[in-house]
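Understanding the architecture of this molecule
Single-letter residue listing:
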Amino acid sequence: MEAQNIQKIIALLESEDEKNIPIGLRLMESLRLTSEVFIALHGNNSLPTSICQDATSKVTLYFENQQISLQSRKTYLEFYDKLSNLMRTFSDKIVLSQRIFNLINTGFFIFAGQLVPQEHSMLQILSHSIHHYVLFGLKTSWATALNFHKHIKALVIEQPHQINLNSLIRWRDLASFCQAPLHYQLTPQSDSLVHFDLLLKIK
């Protein structure tokens, strides 16, 4: 019975009709199946903790002013200077530095561009072992986060080159800078907001 309830909740959360999402959330809460649903939601719905915790180098930038605006663009442009300096500490390889920079630039506008007032975004560059990663973090609506989830799920089921060009996650825009598998995590914050974190490995 529990397995059936979990599948029913997931079907509501992944529904094309966004009105079903609150119903799924209420059902998940009332049946006390939150952790079980998130485990079953998708196989990549967890971040590799070793990368996030044991990174030898990190830089983090928060955008608290909710939307891409002149103010957040200014903050982001200021980050360009920090990023340029950081690239020198990460690697003296110009190609790698440019790839990280391009991934951040592309990803920022894909993900932060979905935000509305009361939501915010974060990005972090991580150096772990011999690899480099970019972590995007959004505090956003359930509908937006589950949209991201559905598109990532489609990437795994289908091949990236088959994904619709109008996909919410423009995978073609990101794929030249990073490599699958994608790791992501949804963490409930309230009935209206959820943390969506996406970790990308630089090529």
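The paragraphs below set out a description of the structure included in this document.

About the thresholds
Residues numbered from 1 in each chain as written. Predicted model: local features only at pLDDT ≥ 70, side-chain atom pairs only at ≥ 80, totals over all residues. Heavy atoms only, no water. Phe/Tyr/Trp six-rings, centres within 6.5 Å; stacked < 30°, edge-to-face > 60°. Helix = DSSP H or I, 4+ residues; strand = E, 2+ residues; numbered from the N terminus. Buried < 20%, exposed > 50% of the residue type's maximum accessible area, 1.4 Å probe, protein only. Pairing = 2+ DSSP bridges. Contact = heavy atoms within 4.5 Å. Arc of directions from axis to C-beta. Core = buried A, V, L, I, M, F, W, Y, C linked by side-chain atoms within 4.5 Å. 1 Å grid on protein atoms, 1.4 Å probe; cavity = no way out; pocket = protein on both sides within 12 Å on 5 of 7 lines; lining within 4 Å. Points joined across faces, edges and corners; volume = space filled by probe spheres on them. Nonpolar A, V, L, I, M, F, W, Y, C, P; charged D, E, K, R; others polar. Expected span 1.5 Å × (residues − 1). Axes fitted to C-alpha atoms, helices over the stretch in contact; angles between N-to-C directions. Parallel < 35°, antiparallel > 145°, perpendicular 65-115°, else oblique. Left-handed = near helix turned anticlockwise from the far one by under 90°.

**So, the packing of aromatic side chains**
Taken as a whole, this structure holds three aromatic pairs when the rule is applied. Ring geometry for Phe38 and Trp142: centres 6.0 Å apart, planes at 45 degrees, overall tilted. Within this pair, whereas Phe38 is found in helix H3 (residues 34-41), its partner Trp142 is found in helix H7 (residues 142-157), the two being separated by 104 residues in sequence.

**Here we look at the pairing of strand S3 (residues 131-141)**
Of all 11 residues making up S3, nine are buried, and the element is well covered by its neighbours. For strand S2 (residues 120-128) and S3, the ladder comprises nine bridges, and the chain directions are antiparallel. Its bridge partner lying in S3, Ser121 is registered against Leu138. Turn length for the S2-S3 hairpin, with the two strands adjacent in sequence and antiparallel, is two residues, and the turn residue Ser129 shows positive phi of about 60 degrees.

**Some points on the side chain of Thr106**
Positionally, Thr106 belongs in helix H6 (residues 94-111). Residues contacting Thr106, with those up to four places away along its chain left out, are Asp173, Leu174 and Phe177.

**Looking at helix H2 (residues 20-30)**
For H2, every residue scored as buried is listed here: Ile21, Gly24, Leu25 and Met28. Projection of H2 onto a plane perpendicular to its axis shows the buried side chains occupying an angular sector of 100 degrees, all on one side. Looking at H2, the residues exposed on the side facing more than 90 degrees away from the buried face are Arg26 and Ser30.

**Concerning the nonpolar core**
The biggest cluster of nonpolar side chains holds 42 residues, and the ones touching the most others in it are Val37, Leu103, Phe111, Leu186, Phe196, Leu198 and Leu200. If one sorts the elements of this core by residue count, H6 sits on top with seven residues. Counting residues in hydrophobic clusters, the runner-up holds nine residues, among them Ala55, Met122, Tyr133 and Leu199.

**As for the layout of surface pockets**
If you add up the space inside the largest pocket, you get close to 200 Å³. Broken down by element, the residue count for the lining of the largest pocket peaks at five residues, all from H2. Of the residues assigned to the lining of the largest pocket, the class counts are five nonpolar, three polar and three charged. Here the second largest pocket defines a volume of roughly 150 Å³. Around the second largest pocket, the lining is made up of 12 residues, and of these Met122, Gly137, Leu138, His195 and Asp197 lie nearest the centre.

**Digging into unusual backbone geometry**
With the exception of glycine, most residues fall at negative phi, and the peptide bonds are largely trans. A positive phi angle, close to 55 degrees, is found at Arg32, a residue other than glycine. Along the polypeptide, Arg32 turns up in the loop between H2 and H3. When its relative accessible area of 74% is taken as the criterion, Arg32 is described as exposed. The phi angle at Ser129 is positive, at roughly 60 degrees, despite the residue not being glycine. By the element assignment, Ser129 lies in the loop between S2 and S3.

**Some words on H6**
Three- or four-residue spacings in an α-helix give side chains the same orientation, since the helix completes a turn every 3.6 residues. Counted at 1.5 Å a residue, the expected span for H6 with its 18 residues is 26 Å, and the 25 Å between its end C-alpha atoms agrees. Leu96, Ser97, Ile100, Phe101, Leu103, Ile104, Thr106, Gly107, Phe108, Ile110 and Phe111 are the residues of H6 that are buried.

**Quick notes on the environment of Ile10**
Relative to the helices and strands, Ile10 resides in helix H1 (residues 2-13). Taking the relative accessible area as the measure of exposure, Ile10 reaches 6% and is therefore buried. Spatially, the C-alpha atom of Ile10 lies 6.5 Å from that of Leu41, the residues being 31 residues apart in sequence. In this view, Ile10 contacts Val37, Ala40 and Leu41; residues no more than four positions away in its chain are not counted.

**So, the packing of H1 against H3**
The angle between the axes and the distance between the axes are what describe a pair of packed helices. Taken N-terminus to C-terminus, the directions of H1 and H3 make an angle of 70 degrees; their axes are 10 Å apart at the nearest point. For the element pair H1 / H3, the angle class is roughly perpendicular. Crossing of H1 over H3 shows right-handed handedness. Residues Glu2, Ile6, Ile9, Ile10 and Leu13 of H1 lie in contact with H3, whose contacting residues are Glu36, Val37, Ala40 and Leu41.

None of the figures reported here should be taken as evidence of function without further support.
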